[in-house]
Amino acid sequence: MRKMMYSWGTFTGRDKWEKGAGENARMLPKAGHEERKKQETKRKRKLKTVAGKLLKAVASGKETAAKKAESENVAGNLLKMGKNRKEAEGETPAEETVCEFIEQGKFFQACNCISDLEHSGSDAVGKSESLYTLLAERMWAVVGEALCGSDRMLLEPLQSVGESLKWEKQKEEEWLGRDQEMESVSTWHPNFWKKDLEEKLMQYMAAQISRFVPTCNTNEAALKQHLSQLEATFLPNLEHKSSFFKEAGLLVTYAQCCHASLSSHLSTLTDNKHCTFSQCLLVYEWCLNMYKSSSGTGLRPRQTSQHSLALDVQSLVWIILKTEEKLLAVTQKEVGKALEEAFDIGKTPCADAAVIQIFKEKTEAAQHISESLSEKVEAVCLEEFLSFLQSYENEVRNFLQIDGCPGICSSLRILENCCILRTAWCKLTYICSASTGQDAKVKGFLYRMEDEITEHFLQTVTSKVKETLKDHFKKCDSGFNHILESLKQSFLAFGKKKTDIYEALVKSVNVIIITEYVQALLTTSRKPSSVQRKRIVSKIEEDHRTLQTVFKECLGPAAGAVKDPIKAILELIQTCDAEGMKIALLPILKEFPDLREEHLSAVLDLKDSLSRKDRAALLKAFHNNCGETETETTLLFADIEVKPRKYGLCGCFCC
């Protein structure tokens, strides 16, 4: 880079005059000395004036106190440099020339002068850095004035700012082309100008946006009003300024900052933790309308130059995609939260219609915007449904592992939730495009949960009934009626009574209770007294009526198909004569082919005033008919263990 030395005299036409003055000075030493002193004083005064004006300009640009102090130091250094420099006769210092250019808004010329000074001597680097700092401050002050006003007199200085940025880029390319050290390039002061300009523009644009922070109380109307203000004031204002920056050659940087500022603000609206699906959808729709619009602010696609159009489209598409990404994230969050609240194990199950509504609200709202957005929202909803089932299955397993048997009501609530989820999923597959893989996964989750909770529920019922009936026939109140009432209320509260799982569950509970009841009845103390026998029979009659009432209420007409061994036992022991008992025994053997001899013997123990002869006749009738009536029907007595009676002296059951 060739060295150039600019003289203030070159720009003022004083070279010839100073040359003549120099010749006169040689002729008149004393007069020449005095003239040099006057010129020195004049230059100092002028440099002070320039530095003072620059400080005033920086201060008027609302710089911070620290930056003012830095500017004062720079000005002081310039004065010191002007004082210490040994100048040739009639020559103006390069520092003063640079300050003149800066003060006149000729930043590009100042760049060239500083660059020449930069390579002129050993102390030039420090001087050039100070001048670059002063130059940058004045350039950003001009940019600030251009943003705040519309004075056409600022166009030339603003154009010079654009030329200076191009100069910086060209110099950087030259350095890199000469394999200059990366460290020196990266620390070169003008290397930060573009970033500083962008920061200045972003600060201005952020200040133009009215403050709006969404809260939990923010409604859609307030957000709509804010977006309308953006469109009515913020964007037109930026558009108005864009023509000014276009003339200055700074349109690309200005447009980039416009889009970055807008994107940043929209992100603050959608990234807020209080932002709802409907609010996020409003922002998305607003961005999409901006994109589709063919007129309006310069931030929208319109018929301009190819470069500007591409920049606008690319930036707006990026904003739309980011907003869409946030919208889908909010959708996932809200659907997951709604499902968790709807299927809380500790709460009453919701209706399947409520689950459908969660999906429909979002997919239909998105469909008003575009079909493609609706499909994306739908896909997110289905995936979140599948994700919820996976977490719900883990929650159910943790529930089943709790120490101590969880309540019957809680188990039934989980089973009902499974029924609701199954129904809801079936309906969703009609209104949403669920894949075959998703359908298989959902059904797999539901089948596993139903099997696990059903098994657990029946085990819980068995345990509670067994414990209650342990001393049922020895106590006046064992709590058996309380368990029956609790089961009845739980079953009646079950919302999905028309499902197969409900009917199968009630029938299974009925079988468990009857089995445990007969087990307790047949294992009670043998050969009770006459008073005890009457009390036991009376208790059986009362319990049977209660059981019939409970299961008729729970099952309705289907209760008539349930086998009733308690009724058969009552009919047998309440028959008066032996022949009648033989007749009553035949249907029992047919309906319960697994009835064994020890079972019948225990039942006959409850019969009051039964002679040994009649007892033997009944046992003989049993032996004669039990083999002929055995079938593959459901067994009831097979698992009931009864200790055989002690035989009499004759070795038979008669004694």
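Residues numbered from 1 in each chain as written. Predicted model: local features only at pLDDT ≥ 70, side-chain atom pairs only at ≥ 80, totals over all residues. Heavy atoms only, no water.

K.L.:
Teacher, can you tell me more about the overall build of the protein here?
P.N.:
Scanning the protein for helices and strands turns up 25 helices and zero strands. When contacts within the protein are restricted to residue pairs at least 6 apart in sequence, long-range pairs at least 24 apart make up 76% of them. Counting every atom, the protein has about 34,500 Å² of accessible surface; 52% of that belongs to carbon and sulfur. (Helix = DSSP H or I, 4+ residues; strand = E, 2+ residues; numbered from the N terminus. Contact = heavy atoms within 4.5 Å. Areas by Shrake-Rupley, 256 points an atom, 1.4 Å probe, with all protein chains shown as cover.)

K.L.:
Can you help me understand the packing of helix 20 (residues 500–522) against helix 22 (residues 565–574) in this one?
P.N.:
For any two helices packed against each other, the geometry is given by the interaxial angle and the distance between the axes. Following both chains from N to C, one finds helix 20 and helix 22 inclined at 35 degrees, their axes separated by 10 Å at the closest point. In this structure, helix 20 contributes Ile514, Tyr517, Val518 and Leu521 to the contact, and helix 22 contributes Pro565, Ile566 and Ile569. When its residues are assigned to classes, the contact of helix 20 with helix 22 shows seven nonpolar, no polar and no charged. (Axes fitted to C-alpha atoms, helices over the stretch in contact; angles between N-to-C directions. Nonpolar A, V, L, I, M, F, W, Y, C, P; charged D, E, K, R; others polar.)

K.L.:
I would appreciate a short explanation of helix 25 (residues 612–625) in the present structure.
P.N.:
Counted at 1.5 Å a residue, the expected span for helix 25 with its 14 residues is 20 Å, and the 20 Å between its end C-alpha atoms agrees. Of all the positions in helix 25, only Arg615, Leu618, Leu619, Ala621 and Phe622 are classed as buried. Each buried residue of helix 25 sits inside an arc of 155 degrees when the element is viewed along its axis, so together they form one side. Residues Arg612, Lys613 and Lys620 are exposed on helix 25 and point more than 90 degrees away from its buried face. (Expected span 1.5 Å × (residues − 1). Buried < 20%, exposed > 50% of the residue type's maximum accessible area, 1.4 Å probe, protein only. Arc of directions from axis to C-beta.)

K.L.:
Would you mind showing me how to read the packing of helix 17 (residues 408–431) against helix 19 (residues 480–493) here?
P.N.:
Taken N-terminus to C-terminus, the directions of helix 17 and helix 19 make an angle of 20 degrees; their axes are 10 Å apart at the nearest point. Between helix 17 and helix 19, the interaxial angle falls into the category roughly parallel. Considering the relative orientation of helix 17 and helix 19, their crossing is right-handed. Along the contact surface, helix 17 presents Ile408, Cys409, Leu412 and Glu416, while helix 19 presents Leu487, Ser490, Phe491 and Ala493. Of the residues that constitute the contact of helix 17 with helix 19, the class distribution is six nonpolar, one polar and one charged. (Parallel < 35°, antiparallel > 145°, perpendicular 65-115°, else oblique. Left-handed = near helix turned anticlockwise from the far one by under 90°.)

K.L.:
Hey, could you run me through the side chain of aspartate 352 in this one?
P.N.:
Among the secondary structure elements, aspartate 352 is positioned in helix 15 (residues 352–367). For aspartate 352, a relative accessible area of 9% puts it in the buried group. With residues near it in sequence (within four places) discarded, aspartate 352 still touches Ile420, Thr423, Ala424, Lys427 and Lys496.

K.L.:
Help me out: how do you make sense of the packing of aromatic side chains in this one?
P.N.:
The relation between two aromatic rings is expressed through the spacing of the ring centres and the mutual angle of the planes. Across all of its chains, the model carries 13 aromatic pairs by this definition. Both rings, one in phenylalanine 473 and one in tyrosine 517, keep their centres 5.3 Å apart while their planes meet at 70 degrees; by these two values the pair is edge-to-face. Here phenylalanine 473, found in the loop between helix 18 (436–469) and helix 19, pairs with tyrosine 517, found in helix 20; they are 44 residues apart in sequence, far enough to count as distant. Under the relative-accessibility criterion, phenylalanine 473 is labelled buried at 4%. When its relative accessible area of 0% is taken as the criterion, tyrosine 517 is described as buried. (Phe/Tyr/Trp six-rings, centres within 6.5 Å; stacked < 30°, edge-to-face > 60°.)

K.L.:
What is the right way to look at the pattern of salt bridges in this model?
P.N.:
One side chain can pair with another of opposite charge once the charged atoms of both are near each other. Across all of its chains, the model carries 17 salt bridges by this definition. Of the charged contacts, one joins glutamate 393 and arginine 448 as a salt bridge, the two residues approaching to 2.9 Å between their closest N and O atoms. Taken together, the residues span a long stretch of sequence, with glutamate 393 in helix 16 (residues 371–400) and arginine 448 in helix 18 at a distance of 55 residues. A relative accessible area of 4% places glutamate 393 in the buried class. Of the charged contacts, one joins aspartate 439 and lysine 443 as a salt bridge, the two residues approaching to 3.2 Å between their closest N and O atoms. Pair noted here: aspartate 439 and lysine 443 are both in helix 18, with a separation of four residues, about one helical turn. (Salt bridge = Lys/Arg side-chain N within 4 Å of Asp/Glu carboxyl O.)

K.L.:
Looking at this structure, how should I read the side chain of threonine 253?
P.N.:
The residue threonine 253 is located in helix 12 (residues 251–270) in this model. Accessibility expressed as a relative area gives 10% for threonine 253, which makes it buried. Beyond its immediate sequence surroundings of up to four residues, threonine 253 is in contact with Lys194, Leu197, Glu198 and Leu201.

K.L.:
Could you clarify how one ought to interpret the environment of methionine 449 in this entry?
P.N.:
Within the secondary structure layout, methionine 449 lies in helix 18. Residues contacting methionine 449, with those up to four places away along its chain left out, are Leu389, Tyr392, Glu393, Val396 and Cys418.

K.L.:
Teacher, can you tell me more about the nonpolar core here?
P.N.:
Across soluble globular proteins, you tend to see nonpolar side chains buried next to one another. Core analysis: the biggest nonpolar cluster contains 167 residues, and Leu135, Trp193, Phe343, Phe385, Phe457 and Phe491 have the highest contact counts within it. Of the residues forming this core, the biggest block, 13 residues, is contributed by helix 16. (Core = buried A, V, L, I, M, F, W, Y, C linked by side-chain atoms within 4.5 Å.)

K.L.:
I keep staring at helix 6 (residues 107–118) and nothing clicks. Help me out?
P.N.:
The α-helix winds at 3.6 residues per turn, so residues separated by three or four positions along the chain end up facing the same way. Compared with an ideal rise of 1.5 Å per residue, which puts twelve residues at 16 Å, helix 6 spans 16 Å between its outermost C-alpha atoms and is within 8% of the ideal. When you tally the buried positions in helix 6, you get nine out of twelve residues, the bulk of the element. For helix 6, the full list of buried residues reads Phe107, Ala110, Cys111, Cys113, Ile114, Ser115, Asp116, Leu117 and Glu118.

K.L.:
For this particular structure, what's the right way to read the confidence of the model for the protein?
P.N.:
Looking at the protein, the pLDDT average stands at 76 and 75% of residues meet or exceed 70. Helix 16 holds the highest mean pLDDT among the elements of the protein, 91, whereas helix 1 (residues 8–12) holds the lowest, 34. Segment residues 53–69 is flagged for pLDDT under 50; beyond a separation of four residues in sequence, or across chains, it makes 18 contacts in the model. Here residues 78–91 is modelled with pLDDT under 50, and outside its nearest four sequence neighbours on either side it reaches 28 contacts, counting other chains as well. (pLDDT = per-residue confidence, 0-100.)

K.L.:
Quick question: what am I supposed to make of the environment of tyrosine 254 here?
P.N.:
The topology assignment puts tyrosine 254 in helix 12. For the pair tyrosine 254 and glutamate 198, spaced 56 residues apart in sequence, the C-alpha separation works out to 7.8 Å. Beyond its immediate sequence surroundings of up to four residues, tyrosine 254 is in contact with Leu147, Leu201, Met205, Asn237, Leu238, Lys241, Ser242 and Phe245.

K.L.:
I tried to follow the state of the cysteines on my own but got confused; where do I start?
P.N.:
The final tally for this structure, using the stated rule, is zero disulfides. In this model cysteine 418 remains outside any disulfide bridge; the closest cysteine sulfur is found in cysteine 419, 7.0 Å from its own. Take cysteine 418: its relative accessible area is 0%, and that puts it in the buried class. (Disulfide = S-S within 2.5 Å.)

K.L.:
What is the right way to look at the environment of lysine 563 in this model?
P.N.:
Within the fold, lysine 563 resides in the loop between helix 21 (530–555) and helix 22. Assessed through its relative accessible area of 30%, lysine 563 is described here as partly exposed. On a C-alpha basis, the gap between lysine 563 and lysine 507 in space is 9.9 Å, while along the polypeptide they are 56 residues apart.

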